[in-house]
Every structure is written in structure tokens, then in C-alpha cells.
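Fold and geometry: a report
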Amino acid sequence: MIHLKQDDEGFVRMRQHFTAKTLISITFTDGTVGEYTGRRMNEIYDQALAAFRLGNNMDAKGFNRNDPRIHRRNGVEIVPVESGMAP
């Protein structure tokens, strides 16, 4: 089991996908604890990545085709979570 802790701004650190069947425990700032599967956390990560790319005018692969310099670091390291979200 992997243990994550929500920071004061409502995020947990997640740099990559977890294995789908991994159990993940999140301690929220309000003191509650939730258990989620790796599959659910991967879905949340993918949503955060899509929002990041959309907000930065990137395509589905994470590249800004209009920029002459292609920035290879196009991922997210933190994902938003909230107490009571669907498992």
C-alpha cells in the first residue's frame, strides 16, 4: 500500500502512473483517510495532465506546435484531490 498526504493547497504528489491494482491511501487535510486503487489515481492524473496541456495550448502529445522550441517536460507532478471523491 502506498500512502500519500494532501498538501494545504489540495494536491498530492504524483509524477507517474501507478500499477492499476495498487492500493493507495490518501490522508486529507481535514483528517479523513480514503483508499483508492491505482487505476482511479491514474484517471485523476490523466485529467490533471489533460487540463495542464489544454491550459498551455499543447496538443494531445504535449507539444506546442506553434513554439519554435519544443519543451520536452510536459507533465504534471501534482494532482488535485478532495475528501469524499469517488473511489
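Just so you know, these numbers come straight off a predicted model, no measurement behind them.

Definitions and cut-offs
- Residues numbered from 1 in each chain as written.
- Predicted model: local features only at pLDDT ≥ 70, side-chain atom pairs only at ≥ 80, totals over all residues.
- Heavy atoms only, no water.
- Helix = DSSP H or I, 4+ residues; strand = E, 2+ residues; numbered from the N terminus.
- Contact = heavy atoms within 4.5 Å.
- Areas by Shrake-Rupley, 256 points an atom, 1.4 Å probe, with all protein chains shown as cover.
- pLDDT = per-residue confidence, 0-100.
- Expected span 1.5 Å × (residues − 1).
- Buried < 20%, exposed > 50% of the residue type's maximum accessible area, 1.4 Å probe, protein only.
- Salt bridge = Lys/Arg side-chain N within 4 Å of Asp/Glu carboxyl O.

**A word on the overall build of the protein chain**
Scanning the protein chain from N- to C-terminus turns up 1 helix and 5 strands. Traced from its N-terminal end to its C-terminal end, the protein chain shows the element sequence β-β-β-β-α-β. Contacts in the protein chain between residues far apart in sequence, at least 24 positions, make up 46% of those at least 6 positions apart. Roughly 6,100 Å² of accessible area belongs to the protein chain as shown, and the carbon and sulfur atoms make up 50% of that amount.

**What to know about the confidence of the model for the protein chain**
Mean pLDDT over the protein chain: 84, with 79% of residues reaching 70 or higher. When mean pLDDT is compared element by element in the protein chain, strand β3 (residues 23–27) scores highest at 96, while helix α1 (residues 38–55) scores lowest at 88.

**Focus: α1**
Between its first and last C-alpha, α1 extends 25 Å over 18 residues, near the 26 Å set by a 1.5 Å rise per residue. Restricting attention to buried positions, one finds in α1 the residues Gly-38, Arg-40, Met-41, Asn-42, Ile-44, Tyr-45, Ala-48, Leu-49 and Arg-53. Next to the buried residues of α1 lie β1 (2–5), β2 (11–13), β3, β4 (33–37) and β5 (78–80).

**Side note on the environment of Thr-27**
Positionally, Thr-27 belongs in strand β3. Beyond its immediate sequence surroundings of up to four residues, Thr-27 is in contact with Leu-4, Lys-5, Gln-6, Thr-32 and Val-33.

**Things to note about the pattern of salt bridges**
Counted by the stated rule, this structure contains 3 salt bridges. Across the pair Glu-77 and Arg-15 runs a salt bridge, and its minimum N-O distance is 3.8 Å. Of this pair, Glu-77 sits in the loop between α1 and β5 while Arg-15 sits in the loop between β2 and β3; the two residues are 62 residues apart in sequence, bridging distant segments of the chain. Under the relative-accessibility criterion, Glu-77 is labelled partly exposed at 30%. Using a relative accessible area of 54% as the deciding quantity, one classes Arg-15 as exposed. For Glu-43, the salt bridge is made with Arg-40, and the minimal N-O distance between the two is 3.4 Å. Residue Glu-43 and its partner Arg-40 are located together in helix α1, separated by 3 residues, close to a single helical turn. Owing to a relative accessible area of 39%, Glu-43 belongs among the partly exposed residues under this scheme. Residue classification places Arg-40 among the buried residues on the basis of a relative accessible area of 18%. Three or more residues joined by partner-sharing salt bridges are found here, namely Arg-13, Arg-15 and Glu-77.

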